[in-house]
Amino acid sequence: MIPEIGHFALIIAFCLSLILATVPAWGAWRGNSVAMALAPSLAVGMLVFVAISFACLATAFLQDDFSVQLVASHSNSLLPPIYKFSAVWGNHEGSLLLWALILAFWTAAVAVLSPQLPLLVLSRVLSVMGAIAIGFMAFSLFTSNPFARLLPGAPADGGDLNPLLQDPGLIIHPPLLYMGYVGFSVAFAFAIAALLGGRLDASWARWSRPWTNIAWGFLSLGIMLGSWWAYYELGWGGWWFWDPVENASFMPWLAGTALIHSLAATEKRGLFKSWTVLLAIFAFSLSLLGTFLVRSGVLTSVHAFATDPARGMFILVFLAVVVGGSLTLYAFRAPAVSSRVGFDWVSRESLLLCNNVVFLVATLTVLFGTLFPLIVDAMGLGKVSVGPPYFNAVFVPLMALLVPVMGMGPVSRWKRDNVSRWRQQLLIPTAVAVLCGITLPLLHAPYNIWVALAVLLSSWLLLGLLQDFWQRLRNASSTASGVKRLTPSYWGMVIAHLGFAACVIGIVATSQYSVEHDLKMEPGDSRELAGYEFRFIEVAQVRGPNFVADEARFEVTRNGEWVANLNPQKRRYLASGSIMTEAAIDAGLFRDLYVAMGEPVGTDGAWAMRLHYKPMVRWMWLGAILMAVGAFAAAADKRYRRQRVATKASSEAVLHGA
Amino acid sequence: MHPVRKQRLYLVLFITLFSTAAIGLVVYALRGNINLFYPPAEVVAGSAPVGQPIRVGGMVMEDSVQRSPDSLAIRFKLTDYEQAVEVVYVGILPDLFAEGQGAVASGVLNEDGVLEATEILAKHDENYMPPEVTEALENSGYDQDGNAK
């Protein structure tokens, strides 16, 4: 019964999305305020029904209702309850329902949290989001119904969740990632609404900025969790593979980064308006493209589920409609929203422009590398794959170009600055950064030129921020009042840029300094790695809730002193019989020690073992967290709320005046 | 020239230069960093290049896996049930690597027609098969279990 309720609720939500996409849009076109005023309640209603539908599916999973096909093939009665819950989105149908749920959530959030928006704009925005919801709910209902039953012939027990997905990181990775992916639909909807209305001003940018920041922050967290999960769960210690699906999440992030910075220029100076709109369309299109790549199974990837060509076709058509439709609209209306504001070349605007060019080019090169195998295949030239060397060769130089500009950004001024002021401001940071770049890598022999470069770039970034911070405080009457005057959006910028610096250091240090050994070890063997002594004591049998495992016991010492006990496992899951590697990691701010088991080798109890020493690998993920925190802090800025009070006051003034 | 036009001119020049550099970088990076996929039959027929990175995929042949007693070296055969390619690899294999299962090996073919693999990819869940392997099997006219269609 419960799955049928869920199915029914999804159908109702689908109908609501149909109304939401048409009636308020019609109202906005004809100036019918009754039709427009329906939009917020329709949006909330849509959320309620999708949530009911999702809750029903979750209940079916938690109650082990194996007559539902999805539960039967992706869950098992032995599965711990928390994984039964996360199994809801550990498969194609359920993850689509999660997509729809989060889209409905964002739509309702815009409806509820935007009383300052003029009704005309709000109804257009919500209609656009309703139209996107139609696409996704139709996809769910017509090609991948999560509530399909297996009647008669429900199995006694389910086929189990893929053991790779039975992990705490995977409980929150997809929801956070989708919050980011789908969050760009808000920026997209604002952009389309502006094109429809033909009006795009500073207040438009002020409305879409906090939404874009929050979506981008969630996307950063989602990508970071995915990378962290791959690191400890896939058992080979890698944290980024340039896998097509990783790229699928990374491209919207890159485009979103460009969008955030171009929105800043649009809000503060009314610049790059039509460009900002294009970026918003671009970022969301890339999110959809990512969904297509993941869900259609056209690419070989660890994320691909068993595939069905009909699904791929559906998303491809949907993608074509969204991208084609919005670009056509853009072509017709962009002249109406373009800006006529000039700026000097030596100014913050041109630095932001550099940011945009770099991020756009980075997005396009990643896009090209990801789609290249598909293009070649479609032309019948064979099956190729584009490996990490391509992406590293293209991406790393681009980021290295970006950082010098990034360090100058905070100290620069809007509209017109002058070179001599920059020179005077940046003299000390340059000197100190060069000094850091030369000296700090000396701490780790042998001297590594790439690490020196990374230290140089990130300390340049850090010192640029410090210089600006100091300037701001120096002009205040006292330090306390100066600090108090700094806005959350300023802090957000500082934190996010610091996060980027931490990322650069972490990525380069761990890539350059990591020591990795795959070797055969017998119980009692010892191995020295980067000054740490790894001693393999024994292998023991252990039992978990739904698996049995061989557990290797390792003791790690340094100069005779105990450092950690590491117990990696080789698990065999009972329901599916699949084998899984569980790595053991001793985490630290400056180094990770990582042990994973391969397979038994030979007859004398020896195992293949993977020993890694990974310096500063945590900095990368800490950096990503800082970036997300920065984005959220910036979105919390008072000026996005102050405006509401101001509009209210002015509308009241109008009322009183009348 | 009008200042706004002048600015636009510089902008266009800047973007052109930058994207030219980027395209150059892309072309340079693509050269030598793409590897073509070959089914075993084509490798045996000699259409795969020797000494260049390629990928070969198929089913791991039953009873073909041999391990070295004192190192992590392993030798096995990948087959599309028509022909088989010998693969050598040193390192830890993925968890789902097993005889009778699909796998993709990337590496360099040596003079003796043996693939010296640097990376082995196995499928990552029970029901999933790398698309290339599926297609290679389709072309050879066998299903995953080696039964002729």
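The rules we used
- Residues numbered from 1 in each chain as written.
- Chains lettered and ligands numbered in written order.
- Predicted model: local features only at pLDDT ≥ 70, side-chain atom pairs only at ≥ 80, totals over all residues.
- Heavy atoms only, no water.
- Helix = DSSP H or I, 4+ residues; strand = E, 2+ residues; numbered from the N terminus.
- Contact = heavy atoms within 4.5 Å.
- Areas by Shrake-Rupley, 256 points an atom, 1.4 Å probe, with all protein chains shown as cover.
- Axes fitted to C-alpha atoms, helices over the stretch in contact; angles between N-to-C directions.
- Parallel < 35°, antiparallel > 145°, perpendicular 65-115°, else oblique.
- Left-handed = near helix turned anticlockwise from the far one by under 90°.
- Phe/Tyr/Trp six-rings, centres within 6.5 Å; stacked < 30°, edge-to-face > 60°.
- Lys NZ or Arg CZ within 6 Å of the ring centre and 35° of its normal.
- Buried < 20%, exposed > 50% of the residue type's maximum accessible area, 1.4 Å probe, protein only.
- Patch = residues over 30% accessible without salt bridge, like charges linked within 9 Å, V, L, I, M, F, W, Y side chains within 5 Å.
- Salt bridge = Lys/Arg side-chain N within 4 Å of Asp/Glu carboxyl O.
- Expected span 1.5 Å × (residues − 1).
- Bend = angle between axes of the 7 residues up to and from the residue.
- Pairing = 2+ DSSP bridges.
- Polar contact = N/O pair within 3.5 Å; in protein donor to acceptor, adjacent residues only side chain to side chain.
- Nonpolar A, V, L, I, M, F, W, Y, C, P; charged D, E, K, R; others polar.
- Domains from an automatic or database assignment.
- Buried area = accessible area lost by both parts, 1.4 Å probe.
- 1 Å grid on protein atoms, 1.4 Å probe; cavity = no way out; pocket = protein on both sides within 12 Å on 5 of 7 lines; lining within 4 Å.
- Points joined across faces, edges and corners; volume = space filled by probe spheres on them.

Novice: Mind showing me how you'd approach the overall build of chain B here?
Specialist: Looking only at helices and strands, one finds 3 helices and 7 strands in chain B. Intrachain contacts of chain B at a sequence separation of at least 6 include 52% that bridge at least 24 residues. Per element, the accessible surface of chain B, about 8000 Å² overall, is 53% carbon and sulfur.

Novice: Explain the packing of helix H13 (residues 388-408) of chain A against helix H15 (residues 449-474) of chain A to me, please; I cannot follow it from the model alone.
Specialist: Packed helix pairs are specified by the crossing angle of their axes together with the interaxial distance, meaning the distance between the axes. All names here are of chain A. The interhelical angle for the contact between H13 and H15, taken along N-to-C directions, is 20 degrees, at an axis separation of 7 Å. Compared by their axis directions, H13 and H15 come out roughly parallel. At the point where H13 passes H15, the crossing takes the left-handed sense. Of the residues in H15, those in contact with Ala400, Val403, Pro404, Met406, Gly407 and Met408 of H13 are Leu457, Trp460, Leu461 and Gly464.

Novice: What am I meant to see in the packing of aromatic side chains here?
Specialist: When we look at a pair of aromatic rings, we describe it by the centre distance and by the angle of the planes. All names here are of chain A. Counted according to the given criterion, the structure contains 34 aromatic pairs over all chains. Three or more aromatic residues joined by ring pairs form one cluster here, namely Trp216, Trp240, Trp242, Phe250, Trp253, Phe359, Tyr390, Phe391 and Phe395. Taking NZ or CZ as reference, arginine 30 lies 5.1 Å from the ring centre of tryptophan 29, over its face. Here arginine 558 stacks its cationic end above the ring of tyrosine 532, 4.7 Å away from the centre of that ring.

Novice: Looking at this model, I keep getting lost on unusual backbone geometry. Mind explaining?
Specialist: Most peptide bonds adopt trans geometry, and most residues besides glycine take a negative phi value. Residues and elements named next belong to chain A. Not every positive phi belongs to a glycine, and tryptophan 242 is a case in point at roughly 55 degrees. With respect to the helices and strands, tryptophan 242 occurs in the loop between helix H8 (202-233) and helix H9 (244-269). Owing to a relative accessible area of 9%, tryptophan 242 belongs among the buried residues under this scheme. Unusually for a residue other than glycine, asparagine 559 sits at a positive phi of about 50 degrees. Residue position: asparagine 559 is located in the loop between strand S5 (547-558) and strand S6 (561-566). Given the relative accessible area of 71%, asparagine 559 is considered exposed.

Novice: Help me understand a nonpolar patch on the surface in this model?
Specialist: Residues and elements named next belong to chain A. Residues Met1, Ile5, Val44, Val48, Ile52, Val112 and Leu113 make up a contiguous nonpolar surface patch of about 620 Å² in total accessible area. Taken together, the elements giving at least two residues each to the nonpolar patch come down to helix H2 (33-62) and helix H5 (92-113). In terms of residues, the nonpolar patch owes the most to one element, H2, which gives 3 residues. Following the sequence through the fold, leucine 113 ends up in helix H5.

Novice: Explanation requested: helix H14 (residues 419-439) of chain A in the structure shown.
Specialist: Counting along an α-helix, one turn takes 3.6 residues, and residues three or four places apart therefore face a common direction. Residues and elements named next belong to chain A. With 21 residues, H14 extends 29 Å from end C-alpha to end C-alpha; this agrees with the ideal 30 Å at 1.5 Å per step. Taken as a whole, H14 carries its principal kink of about 45 degrees at leucine 426; the proline proline 429 stands between one and four residues after it. Where H14 is buried, its residues contact helix H12 (348-378), H13 and H15.

Novice: I keep staring at the pairing of S5(A) and nothing clicks. Help me out?
Specialist: Both faces of the sheet carry side chains from a regular strand, because those side chains alternate between them. Residues and elements named next belong to chain A. One ladder, built from 10 bridges, connects strand S4 (residues 532-543) with S5; its direction is antiparallel. Bridged to glutamate 533 within S5 is threonine 557. Both S5 and strand S7 (residues 569-573) contribute to a ladder of 5 bridges, which runs antiparallel. Bridge pairing in S7 places valine 548 opposite arginine 572. Summarising the sheet, S5 and S6 pair through 5 bridges and their orientation is antiparallel. From the neighbouring strand, phenylalanine 554 faces S6, where its bridge partner is leucine 566. Hairpin connection, S5 to S6: the antiparallel pair is bridged by 2 residues, and asparagine 559 has positive phi, about 50 degrees.

Novice: Could you clarify how one ought to interpret the interface of chain B and chain A in this entry?
Specialist: One frequent convention defines the size of an interface as the accessible area lost when the parts assemble. Across the contact, 38 residues belong to chain B and 51 residues belong to chain A. Counting across the chain B and chain A interface gives 1 salt bridge. Between Glu599(A) and Arg67(B) there is a salt bridge; the shortest N-O distance is 3.8 Å. In this structure, the connection of chain B to chain A is made through 1 residue pair in polar contact (both at pLDDT 80 or more). Of all the elements in the fold, those that place two or more residues in the side of chain B that touches chain A are helix H1 (3-30), strand S1 (34-38) and helix H3 (131-140) of chain B. Taken together, the residues of the side of chain B that touches chain A break down into 21 nonpolar, 7 polar and 10 charged. Relative to S1(B), strand S1 (residues 384-386) of chain A runs antiparallel, the two sharing 3 bridges. What sits directly across from Ser385(A), in S1(B), is Asn35(B).

Novice: I'm lost on the domain arrangement of chain A in this one. Help?
Specialist: Residues and elements named next belong to chain A. Segmentation of chain A into domains returns domain 1 (2-339 + 348-398) and domain 2 (515-618). Each of domain 1 and domain 2 was reduced to a C-alpha centroid, and the two centroids are 38 Å apart. Taken together, the contact between domain 1 and domain 2 spans 17 residues of the former and 20 residues of the latter. Buried surface at the junction of domain 1 and domain 2, summed over both partners, amounts to about 1500 Å²; 55% is from carbon and sulfur atoms. Taken as a group, Leu78, Pro163 and Tyr231 account for 36% of the area that domain 1 buries against domain 2, more than any other trio of residues on that side. Between the two partners, domain 1 and domain 2, sit 3 residue pairs in polar contact (both at pLDDT 80 or more). Taken together, the residues that form the side of domain 1 that touches domain 2 break down as 10 nonpolar, 5 polar and 2 charged.

Novice: What is the right way to look at the sheet that holds strand S9 (residues 584-586) of chain A in this model?
Specialist: Strand pairing in a sheet relies on backbone hydrogen bonds. The paired strands run either parallel or antiparallel. Residue and element names in this part refer to chain A. Strand order in the open sheet made by the 4 strands is S2-S11-S10-S9, with antiparallel pairing throughout. The two strands at the open ends of the sheet, each matched to only one other strand, are strand S2 (515-521) and S9. When strand polarity is set aside, the average angle formed by the axes of neighbouring strands in this sheet is 15 degrees. Packing against the sheet, H8 makes contact with S9, strand S10 (591-601) and strand S11 (606-615), and its axis sits at approximately 45 degrees to S10.

Novice: Explanation requested: the domain arrangement of chain B in the structure shown.
Specialist: Here chain B is partitioned into domain 1 (1-34) and domain 2 (36-140). Distance between the C-alpha centres of domain 1 of chain B and domain 2 of chain B: 42 Å.

Novice: I would appreciate a short explanation of the pattern of salt bridges in the present structure.
Specialist: Residue and element names in this part refer to chain A. Overall, the coordinates contain 16 salt bridges over all chains when judged by the stated rule. Linking aspartate 65 and arginine 149 is a salt bridge whose minimum nitrogen-to-oxygen distance equals 3.5 Å. Here the residue aspartate 65 occupies a position in the loop between H2 and helix H3 (69-74), and arginine 149 occupies one in the loop between helix H6 (119-143) and helix H7 (168-197), the gap between them amounting to 84 residues. Since its relative accessible area comes to 25%, arginine 149 is described here as partly exposed. For arginine 553, the salt bridge identified is with glutamate 538, shortest N-O distance 3.3 Å. Here glutamate 538 lies in strand S4 and arginine 553 lies in strand S5, a separation of 15 residues in the sequence. Since its relative accessible area comes to 24%, arginine 553 is described here as partly exposed. Salt bridges linked by common partners bring Glu4, Asp65 and Arg149 together as one network.

Novice: Explain empty space enclosed by the protein here, please?
Specialist: Over the atoms, a rolling probe the size of a water molecule traces out where space has been left empty. Counted by the stated rule, this structure contains 4 cavities of 30 Å³ or more. Of the pockets and cavities examined, the second largest cavity occupies roughly 60 Å³. In terms of lining, the second largest cavity is formed by Glu599(A), Val601(A), Arg67(B), Ser68(B), Ser71(B), Leu72(B), Ala73(B), Ile74(B), Gly91(B) and Leu93(B). Class assignment for the residues of the lining of the second largest cavity results in 5 nonpolar, 3 polar and 2 charged.

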